[in-house]
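Chain by chain, the residues run as shown.
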Amino acid sequence: MNEVSNDLPFIALIDDDRHSAHLLTRMLLSHGAPQIRHFGSIAAGEAFLGQRLADVDREWPGLVIVDLKAYSDANLEFVVRNQALLRQKGIPLAVMTQTTDRAGRQALHEAGAAAVFFRQAELEAYRHEAAAIVSFWA
């Protein structure tokens, strides 16, 4: 018999910039996102996903957002390493990245990203992008 979990739906945000993660979390919540669980490093995010997804009695994230800035290919490498497990569990993986050309977006999609969103410098554009993420999650 399985125990009923009291976990609430949530989005896992793996972002290695605390200020960026705070801003994105506030924007997502203001647009109706569920709880956001932030992981401040690649290792912390991957450890959490590995442990959480191995436990069928716990709530899994409804979406994983990756916004890594440690080095230029950090997002792509994360997608390559983790997309198979997330896809197997039915969890979409979204990438937040600097604006890139079609080839850059295509590389992320081909690696397994379900969606690609862009960091925006202008506040209204950033709000629009956050609303698009919540719409994608919903």
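Everything below is about the structure shown above.
Residues numbered from 1 in each chain as written. Predicted model: local features only at pLDDT ≥ 70, side-chain atom pairs only at ≥ 80, totals over all residues. Heavy atoms only, no water.

Caption draft 1: Seen up close, the packing of aromatic side chains. Under the criterion given, the structure shown has three aromatic pairs. Ring centres of Phe10 and Phe48 lie 6.1 Å apart, and the angle between their planes is 70°; on these two criteria the pair is classed as edge-to-face. Taken together, the positions of Phe10 in strand β1 (residues 10–15) and Phe48 in helix α2 (residues 42–53) put the pair 38 residues apart, joining distant regions of the chain. Three or more aromatic residues joined by ring pairs make a cluster, and in this case those are Phe10, Phe39 and Phe48. Against the face of Phe10 rests Arg37, its NZ or CZ located 3.9 Å from the ring centre. (Phe/Tyr/Trp six-rings, centres within 6.5 Å; stacked < 30°, edge-to-face > 60°. Helix = DSSP H or I, 4+ residues; strand = E, 2+ residues; numbered from the N terminus. Lys NZ or Arg CZ within 6 Å of the ring centre and 35° of its normal.)

Caption draft 2: Representation of the nonpolar core within the structure. Counting residues in hydrophobic clusters, the biggest one holds 23 residues, and the most contacted among them are Ile14, Leu49, Val64, Leu68, Phe78, Leu86 and Leu93. Contributing elements (two or more residues each) for this core: β1, α2, β3 (63–67), α3 (74–89), β4 (93–97), α4 (102–111) and β5 (115–118). In this structure Val64 touches Ala12, Ile14, Leu49, Leu86, Ile91, Pro92, Leu93 and Ala94, once residues within four positions along its chain are discounted. (Core = buried A, V, L, I, M, F, W, Y, C linked by side-chain atoms within 4.5 Å. Buried < 20%, exposed > 50% of the residue type's maximum accessible area, 1.4 Å probe, protein only. Contact = heavy atoms within 4.5 Å.)

Caption draft 3: Seen up close, the side chain of Asp15. Counting through the fold element by element, Asp15 comes out in strand β1. Looking at Asp15, the relative accessible area reads 0%, which means it is buried. Of note is the side chain of Asp15, whose polar atom sits 3.4 Å from the backbone nitrogen of Ala21. At a separation of 2.7 Å, a polar atom in the side chain of Asp15 contacts the side chain of Lys69. Excluding residues that lie within four positions of it along the chain, Asp15 makes contacts with Ser20, Ala21, His38, Phe39, Gly40, Asp67 and Lys69. (Polar contact = N/O pair within 3.5 Å; in protein donor to acceptor, adjacent residues only side chain to side chain.)

Caption draft 4: Structural view of the environment of Ser41. In this structure, Ser41 sits in the loop between β2 (35–39) and α2. Through-space distance from the C-alpha of Ser41 to that of Leu68 is 8.2 Å; in sequence the pair is 27 residues apart. Within the structure, Ser41 has its side chain in polar contact with the backbone nitrogen of Ala44 (distance 3.0 Å).

Caption draft 5: A look at helix α5 (residues 123–137). Counted at 1.5 Å a residue, the expected span for α5 with its 15 residues is 21 Å, and the 21 Å between its end C-alpha atoms agrees. Lining the buried residues of α5 we find α1 (18–30), β3, β4 and β5. The opening residue of α5 is Glu122, an N-cap whose side-chain oxygen sits 3.1 Å from the backbone nitrogen of Glu124. (Expected span 1.5 Å × (residues − 1).)

Caption draft 6: Region of interest: the sheet that holds β2. With parallel pairing, the five strands of this open sheet are ordered in space as β2-β1-β3-β4-β5. Each end of this open sheet is capped by a strand with a single partner; those strands are β2 and β5. On average, each strand axis in the sheet is inclined to that of its neighbour by 25°, with strand direction left out of account. Note: β1 against β2, five bridges, orientation parallel. In the strand pairing of β2, Phe10 is matched with Gln35. Sheet strands touched by α4: β4 and β5. Its angle to β5, the strand with the most contacts, is close to 140°. (Pairing = 2+ DSSP bridges. Axes fitted to C-alpha atoms, helices over the stretch in contact; angles between N-to-C directions.)

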